[in-house]
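# Analysis of the macromolecular model
Here is what each chain is made of, one letter per residue.
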Amino acid sequence: MKKLLLLITGLTLASCSGINAEDYQSDIPERPPLEDRIIEVNPSNSEEKVIDSESPAPEDITNVDETIVIPAQLNLAVPFYSQAPDGDWSQPWQDACEESSLILAHYGLSGEPLSKDLFRQTVLDMVTWQNNEFGYYESTTVDQVVQL
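### Some thoughts on the overall build of the protein chain
A count of helices and strands for the protein chain gives 4 helices and 2 strands. Looking at the protein chain as a whole, 24% of its 148 residues qualify as buried. Restricting the contact set of the protein chain to residue pairs at least 6 apart, pairs at least 24 apart contribute 69%. A total accessible area of about 10600 Å² is found for the protein chain, and carbon and sulfur atoms account for 53% of it.

Right, dumping it as structure tokens:
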């Protein structure tokens, strides 16, 4: 669960780019997803090596063809609020990307409801915690985001 939270946080952080009109639009696509792609996998021809000591040795693996369906896209039900929820890009909102990403990822994974007021207050609480813990909140490192 922690790895999934960090992955979603990283993906959300990668989309942080400053002020633009898209910050106030839904990220839910308006068109249906593309058809799923099908990949044929034959374990006997796979170049992957068994590294788990509890997994069977390669000679014990039965030669079975499998079909794995990989979706063309994956849309997670992650709530969205701009890191400046009221459109005010002064501090601390200008540098609240990490906090916002963590909050959105957490609420997306937990399924708990997230209101704009709760989002805003949680960002402010995280900024206060970082100022007390690190002495600042802007441009935190990956290790600090993990602590947060």
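### Observations concerning the pattern of salt bridges
Using the criterion set out here, one finds 3 salt bridges in the structure. Between D86 and R120 there is a salt bridge whose closest N-O contact spans 2.8 Å. A residue pair is termed long-range when its members are at least 10 positions apart, and D86 in the loop between β2 (66-70) and α2 (97-110) and R120 in helix α3 (residues 116-133) qualify at 34 residues. Residue classification places D86 among the partly exposed positions, given a relative accessible area of 47%. Across the salt bridge formed by D117 and R120, the nearest N and O atoms sit 2.7 Å from each other. One end of the pair, D117, and the other, R120, are both in helix α3, 3 residues apart, so they sit about a helical turn from each other. Linked by salt bridges that have partners in common, D86, K116, D117 and R120 make up one network.

### Re α2
Taking 1.5 Å per residue, 14 residues should reach 20 Å; α2 reaches 20 Å between its end C-alpha atoms and fits that length. Most of α2 sits out of view: 10 of its 14 residues are buried. Along α2, the residues classified as buried are C97, E98, E99, S100, S101, L102, I103, L104, A105 and Y107. The positive-phi residue at the C-terminal boundary of α2 is G111, with phi of around 80 degrees.

### Considering the confidence of the model for the protein chain
With 55% of its residues at a pLDDT of at least 70, the protein chain reaches an overall mean of 74. Of the regions scoring below 50 in pLDDT, residues 36-40 engages in 18 contacts with residues more than four places distant in sequence or in other chains. Taken together, the stretch residues 46-56 has pLDDT below 50 and engages in 5 contacts with residues farther than four places along the chain or on a different chain.

### Focus: the nonpolar core
The nonpolar side chains of a soluble globular protein tend to be buried with one another. By size, the foremost hydrophobic cluster in this structure holds 16 residues, and its most contacted members are I103, L104, L114, F119 and V123. When residues of this core are traced back to their parent elements, those giving at least two are α2 and α3. Those residues in contact with L114, other than ones at most four positions away along the chain, are P79, Y81, I103, L104, Y107 and F119.

### So, the packing of aromatic side chains
How two aromatic rings sit relative to each other is set out by the distance from centre to centre and by the angle between their planes. Inspection of the entire model under this criterion finds 3 aromatic pairs. With centroids separated by 5.4 Å and ring planes inclined at 90 degrees, the aromatic side chains of W129 and F134 adopt a geometry described as edge-to-face. Given a relative accessible area of 33%, W129 falls into the partly exposed group. Here F134 and Y136 contribute two aromatic rings whose centre-to-centre distance is 6.5 Å and whose plane-to-plane angle is 45 degrees, an arrangement assigned as tilted. For F134, a relative accessible area of 16% translates into the label buried. With a relative accessible area of 32%, Y136 lands in the partly exposed category. Each residue in the set W129, F134 and Y136 is aromatic and connected to the rest through ring pairs, giving one cluster.

Parameters at a glance
Residues numbered from 1 in each chain as written. Predicted model: local features only at pLDDT ≥ 70, side-chain atom pairs only at ≥ 80, totals over all residues. Heavy atoms only, no water. Helix = DSSP H or I, 4+ residues; strand = E, 2+ residues; numbered from the N terminus. Buried < 20%, exposed > 50% of the residue type's maximum accessible area, 1.4 Å probe, protein only. Contact = heavy atoms within 4.5 Å. Areas by Shrake-Rupley, 256 points an atom, 1.4 Å probe, with all protein chains shown as cover. Salt bridge = Lys/Arg side-chain N within 4 Å of Asp/Glu carboxyl O. Expected span 1.5 Å × (residues − 1). pLDDT = per-residue confidence, 0-100. Core = buried A, V, L, I, M, F, W, Y, C linked by side-chain atoms within 4.5 Å. Phe/Tyr/Trp six-rings, centres within 6.5 Å; stacked < 30°, edge-to-face > 60°.

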